[in-house]
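Letter by letter, the chains look like this.
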Amino acid sequence: MLVIEGLRSDLFGPVDLTVAAGECVAIEGPSGSGKTLFLRAVVDLDPNRGGVRLDGSRREAMPAWRWRRLVGMVPAESGWWADRVGAHFERPEMLPPLLETLGLPPESPEWEVARLSSGERHRLAIARALCLEPRALLLDEPTASLDPAATERVEGLLRRFMAAGGPVLLVTHDIGQARRLSARRLVMRRGRLGELREAAE
Amino acid sequence: MSGYLALSYLDVALAALFVLLTAAISLAARLGLEGRLILVSLRMVIQLLLVGLLLKFLFALSSPWPTLLAALFMLAMASREVRARQQRPLAGIRGYGLGATTMLTAGMLVTVVALTVQIRPDPWWAPRYALPLFGMILGNTMTGVSLALDGLHGALVRDRVAVEARLLLGHTRFRAVQPVLAGALRAGFTPILNAMAATGVISLPGMMTGQILAGVDPQEAVKYQLLIMFLIAGATGLGVLAAVWGSLLFLTDRRDRLCLERLAPAREGI
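Residues numbered from 1 in each chain as written. Chains lettered and ligands numbered in written order. Predicted model: local features only at pLDDT ≥ 70, side-chain atom pairs only at ≥ 80, totals over all residues. Heavy atoms only, no water.

Student: Got a minute to help me understand the overall build of chain A in this structure?
Tutor: Within chain A one finds 6 helices and 10 strands. Taken over C-alpha atoms, the radius of gyration comes to 16 Å for chain A, in line with the 17 Å a tight globule of 201 residues would show. For the C-alpha atoms alone, the extent of chain A along its principal axes is close to 45 × 40 × 30 Å. Across the 201 residues that make up chain A, the buried fraction comes to 53%. Carbon and sulfur atoms make up 50% of the accessible area of chain A, which totals about 9,100 Å². Taking the average place of the 28 positive charges on the side chains of chain A and the average place of its 28 negative ones, the gap between the two points comes to 5 Å. (Helix = DSSP H or I, 4+ residues; strand = E, 2+ residues; numbered from the N terminus. Rg over C-alpha atoms; globule rule 2.2 N^0.38 Å. Buried < 20%, exposed > 50% of the residue type's maximum accessible area, 1.4 Å probe, protein only. Areas by Shrake-Rupley, 256 points an atom, 1.4 Å probe, with all protein chains shown as cover. Lys, Arg positive; Asp, Glu negative; His and termini not counted. Charge placed at Lys NZ, Arg CZ, Asp CG, Glu CD.)

Below, the structure written as structure tokens:
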């Protein structure tokens, strides 16, 4: 269970939110409303105030790098620092089943990063985060660059993660995706998180 | 030192004829270089005449405080230059302070050790030895530090997404910046490594050439040059390492975040 209490920075919040074990919360809202900043604050990537706990452990009680291994975040734009895909994975033995689920060939770790399509990049970034076996998952527009078939595969992976008890926090512009993942839908407006009013759609 | 041949100002002026010839060709061919060439030449003449006067004055005084003051002035100019040579220096006073602190520590340490242990003039701070030595060490350290910091800050801005990807994958700040750090150190060390590799084969170093022209035995001049090269390389190495580490400590925080808002905003134009 991911518990967020009074999380805020100069640009958003305060936000209170609890994502139960196995639950998916989908956040919608206009661009620039603070959705991405909110996710970054949860993983402590920007200066922020407020409390975040995962299964009772406070993030301040551990170094930030360990917190980010427990709460995995996949940003909208994936970053790469080596030439080959495989160099970005910490536990290659975890990789084959993940690649298969995401519809990527087993030789994809040999690929050059510079030649990846945006969809391949993004699926590999999701696989890279899942290799660390995080206990909660934050995703910023996980399927914006994917075709319907790949989207379905990513959603299948997220469903499996939730079935194993992992809380998922999702930023998405895809209303269908929130429905398919039976997510609780919230909306971010000017840095404040609120219930979705169906009439506002 | 009997072989020293003094120059007259006429000799110097005759040497400038070749520059004037270049300017004339540029003018005739409409290359547009002549204005800048003449301006820079005049500037050089004024700068060097003034520094000659100043050094003569300081040598005549031969007093520790004016010598220290001159060294600090050189340090201040070098710190300004380090900041100016970076596209995105640290914001505020740190933009000057980081270069000043690291060059002061590395440059002064190496200069003082060289003066007190190896060269040993009497007194050890004698401006005739201290100022040229500090100047050579400072100039090279400045080049290394500014290249390293420019490389580091530029790469952090350019590769922010990649560095943050590593942070998000649970790397510590020091591990996450590792590739960027390696590139910055390479940039800082390249000039002195190249200079050491080429010296004596492709180029004869200016100081050694100067001593030989002044009548010093070439083998003696080589000894001096080796000493200077080691001092320069040592000071540059220490200065670059300290500057890059210091800058990384400013640009990250204890919660393993990248704090690029601590860089000065990007400049317009160049």
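Student: I tried to follow the interface of chain B and chain A on my own but got confused; where do I start?
Tutor: Note on interface size: it is often stated as the accessible area lost on association of the parts. Listed by partner, the interface residues are 17 residues for chain B and 26 residues for chain A. Approximately 1,900 Å² of surface area, both sides summed, lies buried where chain B meets chain A, with 56% of it carried by carbon and sulfur atoms. Looking at the side of chain B facing chain A, the largest losses of area belong to Leu 168, Leu 169 and Arg 255 of chain B, adding up to 39% of the total buried there. Here chain B is connected to chain A by 4 salt bridges. Arg 255 of chain B is the salt-bridge partner of Asp 44 of chain A, the closest N and O atoms lying 2.8 Å from each other. The interface formed by chain B and chain A contains 9 residue pairs in polar contact (both at pLDDT 80 or more). Top contributing element to the side of chain B that touches chain A by residue count: helix α7 (residues 160-168) of chain B, with 8 residues. Taken together, the residues of the side of chain B that touches chain A sort by class into 7 nonpolar, 3 polar and 7 charged. (Contact = heavy atoms within 4.5 Å. Buried area = accessible area lost by both parts, 1.4 Å probe. Salt bridge = Lys/Arg side-chain N within 4 Å of Asp/Glu carboxyl O. Polar contact = N/O pair within 3.5 Å; in protein donor to acceptor, adjacent residues only side chain to side chain. Nonpolar A, V, L, I, M, F, W, Y, C, P; charged D, E, K, R; others polar.)

Student: Explain helix α4 (residues 118-131) of chain A to me, please; I cannot follow it from the model alone.
Tutor: Note that an α-helix has 3.6 residues per turn; residues three or four places apart therefore point the same way. The terminal C-alpha atoms of α4 of chain A lie 20 Å apart, and with 14 residues this matches the ideal 20 Å at 1.5 Å per residue to within 8%. Counting buried positions along α4 of chain A gives 11 out of 14 residues, so the element sits mostly inside the fold. Those residues of α4 of chain A that are buried are in contact with β6 (71-74), α3 (95-101), β7 (136-140) and α5 (148-163) of chain A together with α7 of chain B. (Expected span 1.5 Å × (residues − 1).)

Taken by themselves, the reported measurements are silent on function.
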